[in-house]
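What follows is each chain in one-letter form.
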Amino acid sequence: MKNAREALNGEEYYIVDDLTKVDLAEKKKWSGKVSELYSSGVRLRFSGGCWRQSNGKPFDFSQTQS
């Protein structure tokens, strides 16, 4: 998809990631915390149904302060 996005750069078309309802709920559930972490230098991405660290391992939100 990354290559397709680059190929479509400047065109009238675009690609949107479709998420299942479960994945979308999980993404939204932690999006506020992800924003806070981003401000402190922690970079996460949502992939495969969970938030992941730069090494691809799922991020454990229970290890963060609420």
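As for the nonpolar core
- Formed by Val34, Leu37, Leu44, Phe46, Trp51, Phe59 and Phe61, the largest nonpolar core amounts to seven residues.
- The contacts of Val34, once residues within four sequence positions are left out, are Leu44, Trp51 and Phe61.

Quick notes on the confidence of the model for the protein
- When pLDDT is averaged along the protein, the result is 87; 89% of the residues meet or exceed 70.
- Within the protein, strand 2 (residues 50–52) carries the highest mean pLDDT (95), whereas helix 1 (residues 2–7) carries the lowest (73).

Here we look at the pattern of salt bridges
- What the rule picks out here adds up to one salt bridge.
- Note that Lys33 and Glu36 form a salt bridge whose closest N and O atoms lie 3.5 Å from each other. Residue Lys33 and its partner Glu36 are both found in helix 2 (residues 21–39); the two are separated by three residues, about one turn of the helix.

About the cut-offs
Residues numbered from 1 in each chain as written. Predicted model: local features only at pLDDT ≥ 70, side-chain atom pairs only at ≥ 80, totals over all residues. Heavy atoms only, no water. Core = buried A, V, L, I, M, F, W, Y, C linked by side-chain atoms within 4.5 Å. Buried < 20%, exposed > 50% of the residue type's maximum accessible area, 1.4 Å probe, protein only. Contact = heavy atoms within 4.5 Å. pLDDT = per-residue confidence, 0-100. Helix = DSSP H or I, 4+ residues; strand = E, 2+ residues; numbered from the N terminus. Salt bridge = Lys/Arg side-chain N within 4 Å of Asp/Glu carboxyl O.

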